[in-house]
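# Survey of secondary and tertiary structure
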Amino acid sequence: MIKSVKSLVQLMGKSNILEQVRYASQALPQFSSEKYHIKRKNFGTIESADIGFFKSILSEEQVVTDESDILPYNIDWIKNCRGQSNLVLKPKNTEEVSKILKYCNSRRLAVCPQGGNTGLVGGSVPVFDEIVLSFALMNNIVSLDDLSGSLVCEAGCILETLDNYVRERGLIMPLDLGAKGTCHIGGNASTNAGGLRLLRYGNLHGSILGIEAVKADGTIVDCLRTLKKDNTGYHLKHLFIGSEGTLGLVTKVAIHCPVLPNAVNLGFFGVESFDNVLKLFKSAKSNLGEILSAFEMADFDAINSTVNSLNLPKPISDFPFYVLVETHGSDETHDNEKLMKFLSQEMETGLISDGTVTSEPSKMKSIWNIRESIAGSGLTVGYVFKYDVSIPQKNYYDLVPRLKTRMGDKALLIYGYGHVGDGNIHINVVVPEYNSEVASLLEPYIFEEVSKVNGSVSAEHGIGFRKPKYIHYSKDPSALQLMKDLKQLMDPNGILNPYKVLPDGPN
Ligand code: FAD
Ligand code: 2HG
Ligand code: ZN
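The paragraphs below set out a description of the structure included in this document. (Residues numbered from 1 in each chain as written. Chains lettered and ligands numbered in written order. Predicted model: local features only at pLDDT ≥ 70, side-chain atom pairs only at ≥ 80, totals over all residues. Heavy atoms only, no water.)

Let's shift gears to the packing of aromatic side chains. Using the criterion set out here, one finds 22 aromatic pairs in the structure. Aromatic side chains Phe54 and Tyr103 sit 5.3 Å apart centroid to centroid with 80 degrees between the ring planes, which places their arrangement in the edge-to-face category. Linking Phe54 in helix 4 (residues 48-57) with Tyr103 in helix 6 (residues 94-107), this pair joins segments that are 49 residues apart in sequence. Just as Phe54 is buried, Tyr103 falls in that class too. (Phe/Tyr/Trp six-rings, centres within 6.5 Å; stacked < 30°, edge-to-face > 60°. Helix = DSSP H or I, 4+ residues; strand = E, 2+ residues; numbered from the N terminus. Buried < 20%, exposed > 50% of the residue type's maximum accessible area, 1.4 Å probe, protein only.)

So this is what it looks like as structure tokens:
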């Protein structure tokens with residue numbers, strides 16, 4: 001019998017806000033296959049001999065078959081998708097991953113790789129009875145070269161754990177995101193996660209120096225180099241970065257860690273219009289220059305609903321828009337002066353209406369906490385349709401007011417926020433519960449609008465299970481065909497994360 005979600009919370013002893021939000025509602029989501037009318041593909045079905053094989057190569061606790069223990073692996077973070085897996089395997093090293101895949105490939109058993117299960121497009125959970133291959137037990141740090149900054153670690157290391165580890169050695173991880181306490185570096189690599197400081201430290205195609213991955217047939221592909229420069233033929237690591245577990249399973253990552261900044265400052269500003277947000281961004285780039293490390297924005301409803309629903313302190317009074325500006329530099333006095341000058345200059349011009357600047361760690365943490373909690377706050381109210389799109393900055397916010405008019409009282413809340421510095425807006429539409437009529441008002445409308453301005457239907461969360469049928473809005477048929485050819489080459493039986501990323505049928 002499936003336990004209620006409430007008892008699961010107790011069972012798993014969840015304490016942090018991300019986990020509380022994840023299990024806040026009592027209702028289990030409908031099976032994805034029923035909700036989205038998906039037909040099971042022609043894969044093998046797990047038999048007792050298969051379980052016997054896995055038990056012969058793994059220890060007892062690495063083979064999970066108990067229904068209630070498996071439940072959390074079947075449900076995604078926003079509780080939209082629910083798979084029907086009966087088996088979770090937890091390898092402890094690359095060789096075990098290889099043996100599992102070799103066997104699954106020979107039996108045509110489908111596999112869903114799972115990291116921290118914080119993905120927002122349903123890619124991390126099965127759709128039918130795919131075997132969940134969890135990286136939770138592959139969490140060793142292999143090496144750190146504190147001169148070059150190259151860190152080598154296993155895929156299941158939690159991002160925050162890695163960040164704490166390298167901080168003690170004078171470095172930081174090049175990416176940071178609200179899910180850092182739960183997401184894995186292998187999941188980050190597989191989604192090419194962006195996050196809060198992409199503006200400064202670039203994306204993972206740049207920071208990841210090398211990858212070790214296992215192909216569908218069990219072959220271990222060793223591209224685990226730690227060099228910054230290596231033009232020896234095709235740059236194969238990029239095939240695994242952002243391919244969401246469809247081309248191979250990432251088992252180890254070598255990543256470049258920047259130096260821990262001596263000076264960090266954070267400003268939280270109230271802004272009267274979106275036009276002023278853009279002008280402020282331009283000014284921040286020229287006035288803060290090399291020390292600018294983040295430029296994030298959130299509209300009134302995003303901040304207001306988050307602080308109210310999670311009972312967080314609000315740093316300044318009400319404004320239509322809020323902007324968060326962070327600096328990472330080497331000289332506290334110089335950086336603080338620069339940020340204060342920026343603040344007073346832009347308060348004079350009227351671009352900033354009110355604001356606060358701090359370099360005190362606890363205050364900075366509390367401000368970042370508000371920004372990072374927006375993603376989960378809507379889930380405490382109801383179901384959230386999440387959109388994660390890239391749009392030219394001049395059109396960045398246009399969709400939010402248009403959606404408000406289109407949806408009328410069908411939505412409880414619609415808000416926009418995100419990485420304005422990277423042209424990536426997150427639009428959250430909060431409704432009392434999932435509703436296919438509301439869904440059809442939002443999709444494909446949003447993707448059509450995004451494509452009209454040459455945007456991307458997924459800026460950072462990926463395509464996963466939710467968006468294969470919309471990928472053509474951002475990918476040309478020739479590019480889609482090449483993606484399918486690569487898939488055929490690397491995973492001819494299609495066992496790796498089926499029903500994800502690639503659309504079925506002709507382009
Ligand atoms: P999972 O969710 O477990 O998996 C994600 C995808 O990668 C799935 O397709 C899965 O099959 C595949 N996968 C996982 N591990 C492996 C592996 N080792 N090998 C092959 N495939 C694998 N994303 C951003 O880009 N920027 C953000 O700012 C951001 N903020 C977030 C904030 C919150 C509160 C939450 C809940 C999510 C956020 N995300 C963000 C989305 C998510 O955290 C990222 O996509 C993250 O990189 C996923 O890591 P994970 O370990 O949880 O992967
Ligand atoms: C963020 O930037 C994440 O907070 C999550 O990418 C966005 O949940 C979302 O819509
Ligand atoms: Zn984001």
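Moving on, there is more to tell.
Here the focus is the sheet that holds strand 16 (residues 424-431). Strand order in the open sheet made by the seven strands is 13-10-12-11-15-16-14, with antiparallel pairing throughout. In this open sheet, the two edge strands, each paired with only one partner strand, are strand 13 (354-358) and strand 14 (383-390). Each adjacent strand pair in this sheet contributes to an overall mean axis angle of 15 degrees, direction not counted. Summarising the sheet, strand 15 (residues 413-419) and strand 16 pair through seven bridges and their orientation is antiparallel. When the bridges of strand 16 are listed, Tyr417 appears paired with His426. Packed onto the sheet, helix 12 (residues 274-288) meets strand 10 (263-271), strand 11 (292-299) and strand 12 (321-329) and runs at close to 175 degrees relative to strand 11. Packed onto the sheet, helix 16 (residues 399-407) meets strand 11, strand 15 and strand 16 and runs at close to 165 degrees relative to strand 15. (Pairing = 2+ DSSP bridges. Axes fitted to C-alpha atoms, helices over the stretch in contact; angles between N-to-C directions. Contact = heavy atoms within 4.5 Å.)

Turning to the pairing of strand 7 (residues 208-214), a few remarks are in order. Within strand 7, seven of the seven residues are buried, leaving the element largely enclosed by the surrounding structure. Bridge analysis of strand 7 against strand 8 (residues 220-223) gives four bridges, and the strand direction is antiparallel. In the strand pairing of strand 8, Ile211 is matched with Cys223. Taking the residues between adjacent antiparallel strands as the criterion, strand 7 and strand 8 are bridged by five residues, where Gly218 takes a positive phi near 95 degrees.

Attention shifts here to the sheet that holds strand 4 (residues 131-134). Paired through their backbone hydrogen bonds, the strands of a sheet run either parallel or antiparallel. On the basis of which strands lie adjacent, the open sheet formed by four strands has the order 1-2-4-3 and mixed pairing. Looking at which strands have only one partner, the edges of the open sheet turn out to be strand 1 (63-64) and strand 3 (111-114).

All right, on to the site of ligand 2 then. Every residue close to ligand 2 is listed here: Leu120, Arg371, Ala375, Lys386, Tyr417, His419, His426, Asn428, Glu460 and His461. Measuring from an oxygen atom of ligand 2, one finds a side-chain N or O atom of Arg371 at 2.7 Å. Taking 300 Å² as the accessible area of ligand 2 by itself, protein coverage stands at 89%. The cavity that encloses ligand 2 is the largest cavity. Looking at the shell around ligand 2, the elements with two or more residues in it are helix 15 (361-377), strand 15 and strand 16. A breakdown of the residues in the shell around ligand 2 according to their chemical character gives three nonpolar, four polar and three charged. (Near = heavy atom within 4 Å. Polar contact = N/O pair within 3.5 Å; in protein donor to acceptor, adjacent residues only side chain to side chain. Areas by Shrake-Rupley, 256 points an atom, 1.4 Å probe, with all protein chains shown as cover. 1 Å grid on protein atoms, 1.4 Å probe; cavity = no way out; pocket = protein on both sides within 12 Å on 5 of 7 lines; lining within 4 Å. Sits in = over half its atoms within 2 Å of the grid points. Nonpolar A, V, L, I, M, F, W, Y, C, P; charged D, E, K, R; others polar.)

Everything listed here is a matter of geometry and, on its own, says nothing about what the molecule does.
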